[in-house]
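Fold and geometry: a report
Chain residues, written in single-letter form:
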Amino acid sequence: ATLPRKRSPPRRAWLRRGAMSGLARPPPRPPPLLWRRRPALSRRLVSAARRTAATTSTSLSSAAATTATTTASSSSSAAGPSQLHRQMLRLVELTQPTARQAKERELAAWWTAKAVREAAPGATVHIFGSTATGCQLPGSDLDLVAIRAPSRRKKGVAPESAAELAPHSRAFEQLRKIQRRVRASGVADQRDPLVVIRAKVPLLRFSEKRSLLSVDLSWNATDGLRNSQAIRCAMEARPELRPLMLCVKALLRQRGLNTTVEGGIGSYLLFAMVLEHFEPRARLEAVRREAVRRAKAAQGAAAAADDEVAEVVELAVEAAGTEAAKAAEAAEAAEAAEISEVAGAVEAAEAADAAEAAEA
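Residues numbered from 1 in each chain as written. Predicted model: local features only at pLDDT ≥ 70, side-chain atom pairs only at ≥ 80, totals over all residues. Heavy atoms only, no water.

Some thoughts on the nonpolar core
- Counting residues in each nonpolar core, the largest one holds 25 residues, and the members touching the most others are Leu-175, Ile-178, Val-182, Leu-204, Phe-206, Leu-217 and Trp-219.
- Breaking this core down by element, the ones donating at least two residues are α5 (99–119), β2 (142–147), α7 (167–185), β4 (203–207) and β5 (214–219).
- Trp-219 has contacts with Ala-120, Ala-123, Ala-146, Arg-148, Ala-171, Gln-174, Leu-175, Ile-178 and Pro-202, leaving out every residue within four places of it along the chain.
- One finds Val-92, Met-245, Phe-271 and Val-274 within the second-largest nonpolar core, a separate group that totals 14 residues. (Core = buried A, V, L, I, M, F, W, Y, C linked by side-chain atoms within 4.5 Å. Buried < 20%, exposed > 50% of the residue type's maximum accessible area, 1.4 Å probe, protein only. Helix = DSSP H or I, 4+ residues; strand = E, 2+ residues; numbered from the N terminus. Contact = heavy atoms within 4.5 Å.)

Description of the packing of helix α4 (residues 83–94) against helix α9 (residues 241–255)
- Contact pair α4 / α9: the axes reach a minimum separation of 9 Å and the direction vectors enclose 80 degrees. With respect to each other, α4 and α9 are oriented roughly perpendicular. Two secondary-structure elements touch here, α4 through Met-88, Leu-91 and Val-92 and α9 through Arg-242, Pro-243, Leu-244, Leu-246, Cys-247 and Ala-250.
- Of the residues assigned to the contact of α4 with α9, the class counts are eight nonpolar, no polar and one charged. (Axes fitted to C-alpha atoms, helices over the stretch in contact; angles between N-to-C directions. Parallel < 35°, antiparallel > 145°, perpendicular 65-115°, else oblique. Nonpolar A, V, L, I, M, F, W, Y, C, P; charged D, E, K, R; others polar.)

Digging into a negative patch on the surface
- Taken together, the side chains of Asp-306, Asp-307, Glu-308, Glu-311, Glu-314 and Glu-318 define an acidic patch exposed on the protein surface.
- Structurally, the position occupied by Glu-311 is in helix α10 (residues 267–359). (Patch = residues over 30% accessible without salt bridge, like charges linked within 9 Å, V, L, I, M, F, W, Y side chains within 5 Å. Areas by Shrake-Rupley, 256 points an atom, 1.4 Å probe, with all protein chains shown as cover. Salt bridge = Lys/Arg side-chain N within 4 Å of Asp/Glu carboxyl O. Lys, Arg positive; Asp, Glu negative; His and termini not counted. Charge placed at Lys NZ, Arg CZ, Asp CG, Glu CD.)

Some remarks on α9
- The terminal C-alpha atoms of α9, which comprises 15 residues, lie 21 Å apart, in line with the 21 Å expected from a rise of 1.5 Å per residue.
- Within α9 the residues assigned to the buried category are Leu-241, Pro-243, Met-245, Leu-246, Cys-247, Lys-249 and Leu-252.
- Gly-256 occupies a position one or two residues after α9 and carries a positive phi of about 75 degrees. (Expected span 1.5 Å × (residues − 1).)

A closer look at the pairing of β2
- The buried count for β2 comes to five of six residues, which makes it a mostly enclosed element.
- Here five bridges tie strand β1 (residues 124–128) to β2, and the two strands are oriented antiparallel to one another. Within β2, the position partnered with Val-125 by the bridge is Ala-146.
- Pairing of β2 with β5, which is carried by five bridges, proceeds in the parallel orientation. Bridge pairing links Leu-142 to Val-215 in β5. (Pairing = 2+ DSSP bridges.)

Here we look at a nonpolar patch on the surface
- A cluster of nonpolar side chains, namely Val-309, Val-313 and Val-317, defines an oily patch on the protein surface of about 260 Å² accessible area.
- Assignment of secondary structure puts Val-309 in helix α10.

Here's the deal with the environment of Thr-259
- Relative to the helices and strands, Thr-259 is located in the loop between α9 and α10.
- For Thr-259, the contacting residues outside a window of four places in its chain are Gly-264 and Ile-265.

Some points on the environment of Leu-194
- The topology assignment puts Leu-194 in the loop between α7 and β3 (195–197).
- Excluding residues within four positions of it along the chain, Leu-194 makes contact with Gln-179, Val-182, Arg-183, Ala-188, Leu-204, Arg-205 and Phe-206.

Shown next as structure tokens:
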């Protein structure tokens with residue numbers, strides 16, 4: 001292994017030598033002697049391969065044992081959380097936005113609000129939807145609404161244009177102004193066109209330049225703010241709503257059924273469905289509690305009635321006893337009067353007898 005090895009001639013030399021000696025083709029090249037030249041490297045590779053195979057087999061066996069143990073424990077004990085429950089919670093953890101993503105959303109809302117204030121002085125921008133309720137998935141839209149109180153006009157002064165008469169037309173005109181300002185200020189990505197959607201609620205849709213988030217801006221539409229407040233209140237009362245909503249939203253996005261315009265299920269409709277899933281149980285519990293309350297109230301009323309009856313009976317007994325005592329006293333008085341009368345008659349008879357005897 002340590003002796004110098006004789007270098008083989010190049011292939012062109014083999015070709016020339018073969019052509020000169022009458023060979024049809026040159027002999028094959030000798031295989032490289034890696035084992036003889038670098039035995040330590042080959043042995044290290046072999047030992048590393050063996051260690052890798054052993055580690056892989058050990059990890060696979062341990063994973064199989066863990067899976068079997070988990071399956072057995074889950075099948076044997078039904079008190080703990082199920083595997084689906086743990087997977088749903090893990091999915092919720094994975095969908096949580098990072099600090100950087102949250103900061104990007106805040107900056108996108110700030111830049112959009114700045115452009116809105118420049119286009120419509122006095123307007124305020126509010127965040128609603130999944131970003132406000134905490135049910136957003138990675139890459140979800142940023143829902144914003146610009147609100148400005150209507151200007152007061154003096155009596156007898158006609159509106160400046162017919163657009164001021166219809167809220168829908170006024171919202172569309174304001175979104176047109178904001179669209180021009182957003183395009184001029186460089187807030188929107190120029191590669192993605194700005195679209196003003198003429199729907200029941202007009203929307204300005206564009207992609208924010210820095211974060212590439214899809215922004216949906218509406219004008220004076222306060223329904224979204226009220227719905228977001230209702231969703232937050234319901235989630236505070238029922239913490240189990242949010243994980244289930246996030247899992248179903250992820251499934252709908254995977255299947256392409258999360259767009260309301262295309263016949264899908266929006267966030268508020270999904271919230272109503274999930275809440276309805278929990279409400280029958282709540283209603284049954286409420287009915288049970290109402291039945292228990294009514295039963296307790298009936299028992300209390302029966303006990304109160306019994307107490308009233310007992311009190312009436314006691315009063316009646318007391319009244320009867322008082323009347324009997326009075327009657328007894330009257331009878332005793334009558335008997336005493338009769339006795340006194342009889343005694344007076346006897347005394348009178350004795351006096352008469354005594355007078356007759358004296359006369360005699």
